[in-house]
Amino acid sequence: MRCVIDPCHLTNRTNTTSLGIVLRYPQLSHRNYTSHAPFTLFPSPFPREIYQECLDLQPIINTLLLKIANDVDFNEDSLSSIAQVDEFTRNLLKINKIIQKEGVTQPLIACICRTDYMLDKQQSDIKLSLRARQVEINAIASGMAGLSTGVHSLHQHILSNYSVNKPSASASYPENQSLDLVAQGLIDAYELYNKPDCYILCIREEVALNFADQLAVEQRVRAKRPDIKTIRRSFKKVSETTKLGPNKQLLIDDTKEVAIVYFRYGYDPSNYDFLTAWDTRLLLERSRAIKCPSINFHLSGLKKYQQILNKPEYLERFLSTRDSERLAKTFCEFWPLDPETTAGQEGFRVGTSTSRKLVLKPQREGGGHNLYGKDVKPFLTEFANTDQLSQYILMGYIDSPKEKNWILLPSDDELSDSIRIEQNDQLVSELGIYGSIVADGLNIQHNRSAGYLVRSKKHGIEEGGVAAGFAGISSLVLIDDELDNLSRYFDIDN
Ligand code: ADP
Ligand code: MG
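I will try to describe carefully the structure that is included in this document. Note that this is a predicted model, so its numbers are computed, not measured.

## A look at unusual backbone geometry
Working step 1: Following cysteine 292, the chain continues to proline 293 via a peptide bond in cis, the omega torsion being 5°.
Working step 2: Summarising the element assignment, proline 293 is placed in the loop between strand S12 (290-292) and helix H9 (295-300).
Working step 3: The backbone of aspartate 253 sits at a positive phi, close to 55°, despite the residue not being glycine.
Working step 4: Mapping aspartate 253 onto the fold places it in the loop between strand S10 (250-252) and strand S11 (256-263).

## Regarding the nonpolar core
Working step 1: Within the largest apolar cluster, 77 residues are counted, with the highest numbers of intra-cluster contacts made by Tyr51, Ile203, Leu309 and Leu431.
Working step 2: Membership of the second largest hydrophobic core comes to 45 residues, among which are Ala183, Tyr190, Ala216 and Val438.

## Points about the site of ligand 1
Working step 1: Around ligand 1, a shell composed of 20 residues is seen, among which Lys303, Lys361, Gly367, Glu430 and Lys457 lie nearest.
Working step 2: Taking asparagine 370, its side chain carries an N or O atom lying 3.0 Å from an oxygen atom of ligand 1.
Working step 3: Side-chain polar atom of lysine 457 to an oxygen atom of ligand 1: 2.7 Å apart, as the coordinates give it.
Working step 4: Sorting the residues of the shell around ligand 1 by element identifies strand S6 (128-138), strand S14 (358-361) and strand S16 (393-396) as the ones contributing at least two each.

## Some thoughts on the packing of aromatic side chains
Working step 1: Here the structure, examined in full by the defined rule, presents twelve aromatic pairs.
Working step 2: Where phenylalanine 235 meets tyrosine 265, the ring centres are 6.3 Å apart and the plane angle is 75°; that geometry is what we call edge-to-face. Highlighted residues: phenylalanine 235 in helix H7 (residues 235-241) and tyrosine 265 in the loop between S11 and helix H8 (277-286), separated in sequence by 30 residues.
Working step 3: The class of phenylalanine 235 is buried, set by a relative accessible area of 2%.
Working step 4: Given the relative accessible area of 14%, tyrosine 265 is considered buried.

So, how was this worked out
- Residues numbered from 1 in each chain as written.
- Chains lettered and ligands numbered in written order.
- Predicted model: local features only at pLDDT ≥ 70, side-chain atom pairs only at ≥ 80, totals over all residues.
- Heavy atoms only, no water.
- Helix = DSSP H or I, 4+ residues; strand = E, 2+ residues; numbered from the N terminus.
- Core = buried A, V, L, I, M, F, W, Y, C linked by side-chain atoms within 4.5 Å.
- Buried < 20%, exposed > 50% of the residue type's maximum accessible area, 1.4 Å probe, protein only.
- Near = heavy atom within 4 Å.
- Polar contact = N/O pair within 3.5 Å; in protein donor to acceptor, adjacent residues only side chain to side chain.
- Phe/Tyr/Trp six-rings, centres within 6.5 Å; stacked < 30°, edge-to-face > 60°.

This is the structure we're talking about:
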């Protein structure tokens, strides 16, 4: 099927200086060729009240991450068994400890994070309903704000130019200010650095697939504040071009002072594959620049914390009873797997003996590391009673309702300008809510909810990667959540 909609008037294989809803794809024949990112044809339905609650929870989650980041003992207790078996977590913790021991040079810390949710079907005696379940919290490299704002505009264009009716009189399309608010988060931190003529340094991978999204943030910062200078540079190049000045200022190219280090990379072991990588991360952490996020903030997003904090009584170490209870309503069931603890042994038993669908997760980001459903039991059995299991958590499976929509993928044909419409119209969506926080130690200076991202993937596919072609970026249409209404939008029967 051919599609008549040009995603934001983009053509395939544009030069990388163009901006739009685009990605680099490794399979294209030149690294500077791009194609549009997968997107859905229409906005994705989402219950209005649940969306509002997710937005309202985000400043609470930002605060939670900040408090975890600052709780040295809690970090140590929670992550030490993982560090024994996982080199990556060990290295992150090691740097964190060095910084704590030396004393932090820069007490200001910033984070652009994103909490991801999926809708879960709830069956009670009297009715079926939906609730949001937290999938994970991303505390580093929380991307796609630029592309999600772009898809919101694209959908508005489709709806108004192609005579698409609103699904119901009360349905509405919420604004998505994620790009603006993510940029504002960086500006907030920059202002607190309080020195003119400094730079925001965005650390990216060598060949950034998601370059247009990073560029969008950079351009939005400059549009809002033309006096702020920005640089995007690969981690490896950063390691070759940065040093500390006499007052631990972070200097790039010898003379340019960096106010903000904005990490869009550095979240996966493979990102540290060159000799000086860990030394560079340490140098950045030691510097006077404000890190977005600092290493302790990065650690606070590890999945292990979801398992540890999945009960209000544990959350109350950090949050009020009321906030803890609200947040815990979005939690899934979790089990640890540490073989030497009773709770871990129970987790092993659940993972190997029930017929429930479960997800096994290590302390990793960026897709491709989890095991789902029937793959969990053989893995656990293979590593039974070994320390290796300490680095994983077991999570209940979120049973999302299917919705009708279409994913528009880039054409496989390099010579064609057409886009391919994925015929599969049974999708499940994941809502991401961005958060932005800047704090001086525990003293919060800015704390906000910062817009949304929706990714819709084909039902039955477990991983949700946009670049991998499994999911399309979508936007929201908010609907009222009475069951009769919901069943018009979702297939909730099975
Ligand atoms: P990553 O850090 O690799 O993004 P996630 O925890 O976000 O890891 O999991 C990747 C994808 O797997 C999610 O985007 C979601 O589509 C799916 N997923 C994760 N956890 C669950 C779950 N408990 N139930 C159903 N699907 C899940
Ligand atoms: Mg994820």
